[in-house]
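Report on the structure
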Amino acid sequence: MLKELIYTGLGGAILLKEKVEKELEVLQKEGKIKTDDMKSFLESLESKGKDEEDAIKTKIKDIVKELIDELNIATKDDLEKLKEEMK
């Protein structure tokens, strides 16, 4: 379910980016925005998007770790330690 939610969000972001690019191209053709300004805006938008993506990934990782702790689920590290103890 989490995967589907992430993909839905990414799909929405891609659609939004495409719409913004089309609108900026229209403004550029009409002479209401300069090419350099358009490129700068898109680069800024992409940078902010990547920053937000990193923040979301970090938040999701934190939530998953918290859930694993709360549910007392054995991790890969826990299993490796147990393996070593059994030798």
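Sequence order sets the numbering: in each chain, residues are counted from 1 along the sequence as written. Predicted model: local features are reported for residues with pLDDT of at least 70 only, side-chain atom pairs are reported and counted for 80 or more only, and whole-chain, interface and lining totals are derived from all residues. Note: side-chain values were computed over all heavy atoms of the structure, leaving out hydrogens and water.

**Concerning the pattern of salt bridges**
Any Lys or Arg side-chain nitrogen located within 4 Å of an Asp or Glu carboxyl oxygen qualifies as a salt bridge. In total, this model carries 5 salt bridges according to the counting rule given. Lys50 is the salt-bridge partner of Glu46, the closest N and O atoms lying 3.4 Å from each other. Of this pair, Glu46 and Lys50 both sit in helix α2 (residues 35-71), 4 residues apart, which is roughly one turn of that helix. With its nearest N and O atoms 3.5 Å apart, the salt bridge here joins Glu84 to Lys87. The exposure class of Lys87 is exposed, given its relative accessible area of 77%. For the purposes of this entry, the term helix denotes a DSSP run of H or I that reaches at least four residues, the term strand denotes a run of E that reaches at least two, and both are numbered from the N terminus. Relative accessible area decides the class of each residue, using a 1.4 Å probe on protein chains only: under 20% of the type maximum gives buried, over 50% gives exposed, and in between gives partly exposed.

**Overview of the environment of Leu27**
Tracing the backbone through its elements, the reader meets Leu27 in helix α1 (residues 2-29). Looking at Leu27, the relative accessible area reads 32%, which means it is partly exposed. Expressed as a C-alpha distance, the spacing of Leu27 and Thr75, which sit 48 residues apart in the sequence, is 53 Å. Every residue in contact with Leu27, bar those within four places of it in the chain, is listed here: Lys32 and Ile33. We call two residues in contact when some of their heavy atoms are within 4.5 Å.

**Side note on the confidence of the model for the chain**
Within the chain, residue pLDDT values average 86, and 98% of them lie at 70 or more. The spread of mean pLDDT over the elements of the chain runs between α1, the lowest at 81, and helix α3 (residues 76-86), the highest at 91. Note: pLDDT gives the predictor's confidence per residue, expressed from 0 to 100.

**Some details on the environment of Thr58**
Among the structural elements, Thr58 can be located in helix α2. Remark: the alpha-carbon pair of Thr58 and Glu25, spanning 33 residues in sequence, is separated by 34 Å.

**A short note on a negative patch on the surface**
Within the patch definition used here, like charges are joined within 9 Å and nonpolar side chains (Val, Leu, Ile, Met, Phe, Trp, Tyr) within 5 Å, considering only residues with over 30% relative accessible area and no salt bridge. All accessibility values rest on the Shrake-Rupley procedure with a 1.4 Å probe; residue burial counts only the protein chains present in the view. Lys and Arg are tallied as positive, Asp and Glu as negative. Neither His nor the chain termini are counted. Lys charges are placed at NZ, Arg charges at CZ, Asp charges at CG and Glu charges at CD. A grouping of Asp62, Glu66, Asp69 and Glu70 is seen on the molecular surface, where their side chains present a negatively charged patch. Mapped onto the fold, Asp69 is located in helix α2.

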